[in-house]
Amino acid sequence: MSLQKITHPVSDPNLPSFVHPVLADVMDELRMTQECWDLLRKVKQKHLPREPKEPLKAYELRVLRSSYPSFFRDAVVSYAGALSRFELRDAPPLLVQNASGIDAAGNSLKAFWMQADARVLRGGGTLLTVDMPIGESPNRTADKLLGRRPYLAQVARENVVNWETTTEAGQEVPIAVSILEFAEVRDGTYGVKFEPRYRIIEEGQWRLVRLKEGPTGLREEVVRDDRGDELVGVYRDHRDQPLRRPPVVWYSSDRTGFGSGMLPLLSLANLTLDWFREYSDLKELLHKTAMPVPVRTGVTGTGPKGTTPALILGPNSGLDLPTGATFKFAEVAGSALTAHVDHLKHIETLIDRQTLSFLLSGGSEAQKTATQSLLESAQLQASLASMAEGKSSAMESLFRIWGMFTGEAVPAGAGIDLDSGVFDEPVTPEKLQVAQRLYDNSLLTRASVVKLAARAGMLPPGQTPEKEVAALKQEEKDRLAARPAVPGADQPGFCGQAALELAASPCAMVTGGF
C-alpha cells in the first residue's frame, strides 16, 4: 500500500502527511511504473480508454480480451538478479553471520538486495534503514545475551513522504525523515482494516503518529501499543549514546540527492503500454474481420411459405442448391491488419533495445553487428553501472550504521564487489570451442579461456576464474612433483639415453587441455 491509496492532505505543512515537492513531482510516473509492475491489475480501463460512441458492453468485452505483456516486470527482475551477483567486502562479522535472515521478514541479504534493486529500477530510489527490535534493553551487553541484533529494512519511494537534509563535510546527510506505514487493526468483531501511520525520525529519535479528526480538523496523535504506552523511542549506539542522525541510507539510480532519482526504465514502461494498446487494436480487428462469412446466391423462396431456407453448416450437413445458385465463404478485407502487425514489430524492436534482449538472448533482430549492439546498449549499461556504484556506496553506509549499533569496526572501502561481467554478452559453446583451439595452439592464455568458461556458466557456484586458474596451477605442480625420479638426473652433465627417455615419458608431456 502507498500514499496513492489514502486521502490525507499532502500540502498542509503542519501535518506529517505533507509530501515533499520532489516526490510530488514524480508521483504520476511512480504510479504508472507500479501499475506496469502489477501487470495493470484492475487498471486496464485507465490505459485503454473507451472510444467515442463505443457501446459500454462492447468496450467492457474489448478490455476483457486485452492482455498486458510482462516485458517491464521481466526486465526489472532480470536486471535485479544480475545486480545481485556480488560478494561482500570487509562486512561486519555479525552481519555475515546473520546474512541468511537479515531483515524482519527472514529474507537473506541477497534476496533483500534483489527487492531493493527492483524498487530502484522501477521507482528510481528506495530508503534503506538499520534498526533494532522493538523494545528497550538495559545495555548492549544485555542485547548480546538476549540475541538482539540490528536488522535491515527498506521503504518504497512513494512512502518516503518527506525529509530534511543538511551538508556535512561537503556531503548531503538526512536529519529528518517521514515514512508512511500501514498497520493492520481490528474492524468490528472479526474484520480488519489498514490504518495509515507516519513514522517520524528526527535526529536520533523516532515516534509513530496517526491523523485523527479533532474539533478544528485533522491533528497529529502518537500511537499507543496494547499496554497504552506511546510508540516513541531513541536510537542508541553500542555505547548507549543517542545517534546524531537517522539510521537511514538513500539508494537511488543516479545518486542525484536524497529522495531523488530518475526512473531508469520509465521509457520501457511507456513502450509496453504502447504495445498493450496496439495489440488490443489488432486483436479487435481480428475479432471483427478475421472470420469467414457464408454467402449464397440464387436461393430464394424455396422454404415453407416461400421463405428462404435457413442455412445450416456442420460436419454432417449438406446444401441443395438450385440451378445457377452459388455458395462460398467471403472474408472482410482487413488491410489495416498488416500496418498494425508492422507497428507491433517496431515497438517490440524498441523494447528489445531497452531490455538488451537483442544482446543477451538474440532478440528479434537476428542480424546485428557488434558495433550496433554496443552503441544501442551503452546508455542503459551506463545507467546500470552508475546504479551498481551507488549500491556499493549504500552498502558501505549500511555497514557503518550497523557498526554503530554493534560496536564492530568497519574499515574504509568496505562494501561489495559486483561482478564486472554482469552485462557482458554470454559465451556460446561454439565460442568456447574456438577459444579452446586457440589455447591449444598457444594463441590464447589459460586465464582468458577460464574467464570465458566462467561467462558460459561452466564454473561451479562460488568459484571465480582467479581461483580456478590457481587450482589448475596447483594441480600441475602436484603432477610434476609426483613424477618418478630418474637416477642420475641431479648429476652434472646428465644427458644421453636417460634424458631422451625422460623427455618422451607421458609424465613429462604437457598437453594443451585445461
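Within the protein chain, the secondary structure is distributed over 15 helices and 13 strands. When the 514 residues of the protein chain are sorted by exposure, 38% land in the buried category. Carbon and sulfur atoms provide 54% of the accessible area of the protein chain, an area that totals close to 29600 Å².

Attention now moves to the packing of helix α1 (residues 21–37) against helix α4 (residues 71–83). Where α1 contacts α4, the axes come no closer than 7 Å and their chain directions differ by 90°. As the angle between them shows, α1 and α4 are arranged roughly perpendicular. Facing Thr33, Cys36 and Trp37 of α1, the residues of α4 in contact are Phe72, Arg73, Val76 and Val77. For the contact of α1 with α4, a count of residues per class yields 5 nonpolar, 1 polar and 1 charged.

Among the secondary structure elements, serine 84 is positioned in the loop between α4 and β1 (86–89). Among residues more than four places away in sequence, those in contact with serine 84 are Lys110, Met114, Asp117 and Lys391.

With 15 residues, helix α6 (residues 109–123) should reach 21 Å at 1.5 Å per residue; the first-to-last C-alpha distance of 21 Å fits that figure. Along α6, the residues classified as buried are Leu109, Phe112, Trp113, Ala116, Asp117, Ala118, Val120, Leu121, Arg122 and Gly123.

Let us now look at the nonpolar core. Ranked by size, the top nonpolar core spans 79 residues in total, and within it Phe72, Trp113, Leu127 and Leu128 carry the most contacts. The greatest single-element share of this core, amounting to 10 residues, is contributed by helix α11 (residues 370–406). If sequence neighbours within four positions are ignored, leucine 128 has contacts with Phe112, Trp113, Ala116, Ala153, Gln154, Pro247, Val248, Val249, Tyr251, Ala394 and Leu398. With 8 residues, the next largest nonpolar core counts Ile6, Tyr198, Val209 and Leu211 among its residues.

The next point concerns the pattern of salt bridges. The tally for this structure, following the rule as stated, stands at 24 salt bridges. Put simply, lysine 46 and glutamate 35 hold a salt bridge, and the shortest N to O gap is 2.9 Å. Here lysine 46 is found in helix α2 (residues 44–47), whereas its partner glutamate 35 is found in helix α1, with 11 residues between them in sequence. Note on lysine 46: relative accessible area 47%, which makes it partly exposed. A salt bridge links glutamate 389 to arginine 255; its shortest N-O distance comes to 2.9 Å. Highlighted residues: glutamate 389 in helix α11 and arginine 255 in the loop between β10 (248–252) and α8 (266–289), separated in sequence by 134 residues. Residue classification places glutamate 389 among the partly exposed residues on the basis of a relative accessible area of 47%. Where salt bridges share partners, they join Glu195, Arg197, Arg210, Arg219 and Glu221 into one cluster.

Here we come to the packing of aromatic side chains. Evaluated as defined, the whole model comprises 7 aromatic pairs. On the basis of an interplanar angle of 45° and a centroid distance of 5.7 Å, the ring pair of tryptophan 250 and phenylalanine 258 is categorised as tilted. Each member of the pair, tryptophan 250 as well as phenylalanine 258, carries the same accessibility label: buried. Aromatic ring contacts, followed pair by pair, group Phe71, Trp275 and Tyr279 into a single cluster. Lying across the ring of phenylalanine 86, lysine 110 places its NZ or CZ 4.9 Å from the centre.

The next point concerns the sheet that holds β10. Taken in spatial order, the 3 strands make up an open sheet running β3-β2-β10, and their pairing is antiparallel. Edge strands, defined here as strands with exactly one partner in the open sheet, are β3 (151–156) and β10. Each adjacent strand pair in this sheet contributes to an overall mean axis angle of 25°, direction not counted. With 6 bridges connecting them, strand β2 (residues 125–131) and β3 associate as antiparallel partners. In the strand pairing of β3, threonine 129 is matched with alanine 153.

Their axes nearest at 9 Å, the elements α4 and α6 cross at an angle of 130°. One way to sum up the angle between α4 and α6 is to call them oblique. When the axes of α4 and α6 are compared, the crossing they make is right-handed. Mapping the contact onto sequence places Phe72, Val76, Tyr79, Ala80, Gly81 and Leu83 in α4 and Met114, Asp117, Ala118, Leu121 and Arg122 in α6. Partitioned by chemical class, the residues of the contact of α4 with α6 number 8 nonpolar, 1 polar and 2 charged.

For the rest of this paragraph, the subject is the environment of glutamate 348. Relative to the assigned elements, glutamate 348 resides in helix α9 (residues 336–355). Overall, the relative accessible area of 29% leaves glutamate 348 in the partly exposed class. Sequence separation between glutamate 348 and aspartate 274 is 74 residues; the distance between their C-alpha atoms is 10.0 Å.

The phi torsion at lysine 53 lies on the positive side, around 65°, for a residue other than glycine. Of note in this structure, arginine 255 is not a glycine but carries a positive phi near 55°.

With that out of the way, let us pick up a nonpolar patch on the surface. A surface patch of nonpolar side chains, amounting to about 410 Å² of accessible area, comprises Leu311, Leu313, Leu319, Leu321 and Phe329. Note on placement: leucine 311 falls in the loop between β11 (293–297) and β12 (326–330). The exposure class assigned to leucine 311 is partly exposed, which follows from its relative accessible area of 31%.

What counts and what doesn't
Residues numbered from 1 in each chain as written. Predicted model: local features only at pLDDT ≥ 70, side-chain atom pairs only at ≥ 80, totals over all residues. Heavy atoms only, no water. Helix = DSSP H or I, 4+ residues; strand = E, 2+ residues; numbered from the N terminus. Buried < 20%, exposed > 50% of the residue type's maximum accessible area, 1.4 Å probe, protein only. Areas by Shrake-Rupley, 256 points an atom, 1.4 Å probe, with all protein chains shown as cover. Axes fitted to C-alpha atoms, helices over the stretch in contact; angles between N-to-C directions. Parallel < 35°, antiparallel > 145°, perpendicular 65-115°, else oblique. Contact = heavy atoms within 4.5 Å. Nonpolar A, V, L, I, M, F, W, Y, C, P; charged D, E, K, R; others polar. Expected span 1.5 Å × (residues − 1). Core = buried A, V, L, I, M, F, W, Y, C linked by side-chain atoms within 4.5 Å. Salt bridge = Lys/Arg side-chain N within 4 Å of Asp/Glu carboxyl O. Phe/Tyr/Trp six-rings, centres within 6.5 Å; stacked < 30°, edge-to-face > 60°. Lys NZ or Arg CZ within 6 Å of the ring centre and 35° of its normal. Pairing = 2+ DSSP bridges. Left-handed = near helix turned anticlockwise from the far one by under 90°. Patch = residues over 30% accessible without salt bridge, like charges linked within 9 Å, V, L, I, M, F, W, Y side chains within 5 Å.

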